[in-house]
Amino acid sequence: MQGFYKTIFELQEKTGARLYHGWTMFFYPSFGVCHPETAKVLLKSSEPKPKHTMGGSYRFLLPWLGDGLLISGGKKWERNRRLLTPAFHFDILRPYVQIYNDVAEVFLKFCKSRQSVEIDKLVSLATLDTMLRCSLSYHGQVQELGDSNPYVDAVHRLVDLAIKRMISPWVHPDFIYGLTANGRENKRLTKYVHNFADEIIQSRRTALRDDPDILNKRRKDFLDILITARDENGKGLTAEEIRAEVDTFLFEGHDTTASAICWAVYSLGKYQDLQEKVYQELMQVLGDRQKLQWEDMSRLRYMSMFLREVMRMHAPVPAIARHLTKPLNIEGVEIPANFTVDIVVHAVNHHPDVWPDHKEFKPERFEDEAKLSRDPYSYFPFSAGSRNCIGQNFALNEQKVLIGSLVKRFKVSLVEGHVYEEYPDVVMRSQFGIKINLEERA
Ligand code: HEM
């Protein structure tokens, strides 16, 4: 995959390419867009995700995630998006800041001064812990036990198995995959995580039925909202739909945010002067307080710019895709129906037409004035249009609290001699891990 992005970057530099023709997994012909003008055509269209096509990678997530918001389409997606939108209202997100702080407190226990730490796994556990606490109010010592917690292990394995299958075209046909050891493991783990969620959902339904007033007495989590949501006909989500949404949040909300945080920590280490700016602003916003609060989120203006630039340099979701149900003309090229078109977020973020010095890390690109003069489709780490990320404010706040907690306590630096290399798959990972040195601040 690194080779794929390198080729596109070179093509963009040399020819200003906005659209290219390629092969998904070497087997399936595909097109890709890598410029705001071409990406916009697809992002504004209502073309669905390629969930049933042979090369469409979303298909491999279906057994686990079901027809949740990420994968579903048409009327079902429209209705469920409407039902789920209140789950991301500011009133619901506000108390989550306390949860992000609780998670960060546990995270910091694993960060020791004067030692080099490989943070990828720690951050991934922290973001999974956050998602489990916020969606199911599940407190299973996720960070302390790591993969010794069977549910955490199952979620991590399912992600690994889906990625392995995406890059192994010979196991794309379902009947072949079902015969392999990975296929059987996938089936067993999917059943396990479904049962796990079903039990929690069932017992919560009972609790809400027995005492509907319970929601006025405690903080609402995503599950409360999913169970109590009703459409205009008074109809709610089925048990299977609720499970699909919970699993979708866990999948879509944990590795993505972990990727953004890991590359943010790397950037703090690499650009010491900018780390100092992040720290100074943080201390000013905190004043005498130890922990960030909801009201602080919008005050951390420099940190917001810093995090946005991190997501431009290292797109947490490097590419997404759409399936054409009818022919589409992009830049004079008629792409036939039934083709998959990749929207290469990482390449748009580095297109020289929009970002002339794209290899340079400059948070000030996201200062209000600069932002306003740019095409809104030139930067969309959370996608854009109607299928944009429903969890983007959640993710940005979570990043701020975890990064803020780390920077408040430690000075971060990179480890000399360690190779920091992007490894793009479903999310932007690092090939050799993000290793950092930590030094307790006086
Ligand atoms: C830095 C963190 C995140 C990034 C970069 C990110 C990015 C994205 C992107 C690019 C999409 C579009 C996917 C596509 O078109 O195939 C998306 C969709 C989605 N994201 Fe996120 N995401 C993040 C965090 C989260 C979180 C924390 C949640 C849940 C709490 C979440 C839930 C979703 C859902 C449910 C969708 C599908 C929305 C729809 O189609 O209606 N994401 N995200």
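Residues numbered from 1 in each chain as written. Predicted model: local features only at pLDDT ≥ 70, side-chain atom pairs only at ≥ 80, totals over all residues. Heavy atoms only, no water.

In the Cofactor (unreviewed entry) part of its UniProt record, the chain is described as follows: "heme". (UniProt positions renumbered as here; feature names shortened; annotations may be inferred.)

So, on to the overall build of the chain. Scanning the chain from N- to C-terminus turns up 19 helices and 11 strands. Over its C-alpha atoms the chain spans a radius of gyration of 22 Å, differing by no more than 12% from the 22 Å that the globule rule assigns to 442 residues. Along the longest, intermediate and shortest principal axes, the C-alpha atoms of the chain span 60 × 60 × 45 Å. The proportion of buried residues among the 442 residues of the chain is 57%. (Helix = DSSP H or I, 4+ residues; strand = E, 2+ residues; numbered from the N terminus. Rg over C-alpha atoms; globule rule 2.2 N^0.38 Å. Buried < 20%, exposed > 50% of the residue type's maximum accessible area, 1.4 Å probe, protein only.)

With that settled, the discussion passes to the UniProt feature "binding site: heme" (unreviewed entry) in the chain. UniProt records the feature "binding site: heme" (unreviewed entry) at Cys389, using the numbering of this structure. Relative to the helices and strands, Cys389 is located in the loop between α18 (368-372) and α19 (392-409).

Around the ligand, a shell composed of 30 residues is seen, among which Tyr58, Trp77, Arg81, Arg387 and Cys389 lie nearest. Contact distances for the ligand include 3.2 Å between an oxygen atom and a side-chain N or O atom of Lys49. At 2.8 Å from an oxygen atom of the ligand is found a side-chain nitrogen or oxygen belonging to Arg387. Counting only elements with at least two residues in the shell around the ligand, the list comes to α4 (74-84), α14 (239-270), β4 (320-323) and α19. The leading source of residues in the shell around the ligand is α14, at 7 residues. Partitioning the shell around the ligand into residue classes produces 17 nonpolar, 8 polar and 5 charged. (Near = heavy atom within 4 Å. Polar contact = N/O pair within 3.5 Å; in protein donor to acceptor, adjacent residues only side chain to side chain. Nonpolar A, V, L, I, M, F, W, Y, C, P; charged D, E, K, R; others polar.)

What follows covers the packing of helix α7 (residues 119-136) against α14. Following both chains from N to C, one finds α7 and α14 inclined at 145°, their axes separated by 8 Å at the closest point. The way α7 lies across α14 gives a crossing that is right-handed. Contacts between α7 and α14 involve Ile119, Asp120, Val123, Ser124, Thr127, Leu128, Met131, Leu132, Ser135 and Leu136 on the former and, on the latter, Val246, Phe249, Leu250, Gly253, His254, Asp255, Thr257, Ala258, Ile261, Cys262 and Val265. (Axes fitted to C-alpha atoms, helices over the stretch in contact; angles between N-to-C directions. Left-handed = near helix turned anticlockwise from the far one by under 90°. Contact = heavy atoms within 4.5 Å.)

Let's shift gears to the sheet that holds strand β8 (residues 410-414). The 3 strands are arranged β3-β11-β8 in an open sheet whose pairing can be described as antiparallel. The open sheet has two edge strands, β3 (116-118) and β8, and neither has a second partner. For this sheet, the mean angle separating the axes of adjacent strands, direction not counted, is 40°. Here 5 bridges tie β8 to strand β11 (residues 435-440), and the two strands are oriented antiparallel to one another. Bridged to Val412 within β11 is Leu438. (Pairing = 2+ DSSP bridges.)

In this structure the tally under the stated criterion is 33 salt bridges. Its salt-bridge partner being Glu241, residue Lys76 comes within 3.9 Å of it at the nearest N-O pair. With Lys76 in helix α4 and Glu241 in helix α14, this residue pair connects regions lying 165 residues apart in the sequence. You can call Lys76 partly exposed: its relative accessible area is 31%. Taking relative accessible area as the criterion, Glu241 reaches 15% and is therefore assigned buried. Each of Glu309, Arg312, Asp357, Glu360, Lys362 and Arg365 takes part in one network of salt bridges that share partners. (Salt bridge = Lys/Arg side-chain N within 4 Å of Asp/Glu carboxyl O.)

Positioned with a positive phi, Ser137 is a non-glycine residue whose angle comes to about 55°. Relative to the helices and strands, Ser137 is located in the loop between α7 and α8 (142-145). Residue classification places Ser137 among the partly exposed residues on the basis of a relative accessible area of 29%.

Another point: the pairing of β11. In this structure, β3 lies alongside β11, joined through 3 bridges in antiparallel fashion. Bridging across to β11, Glu118 finds its partner in Lys435.

To continue, consider α19. Relative to the 26 Å expected for 18 residues at 1.5 Å per residue, α19 spans 26 Å between its end C-alpha atoms, a close match to the ideal helical length. Along α19, 14 of the 18 residues are buried, which leaves the element largely enclosed by surrounding structure. (Expected span 1.5 Å × (residues − 1).)

Right, let's get into the side chain of Glu398. Position of Glu398 among the secondary structure elements: in helix α19. There is no salt bridge for the buried Glu398, and the closest opposite charge comes from Arg133, which lies 9.8 Å off by N-O distance. Not counting residues within four places of it along the chain, the set of residues in contact with Glu398 comprises Tyr100, Thr127, Thr130 and Thr257. (Lys, Arg positive; Asp, Glu negative; His and termini not counted.)

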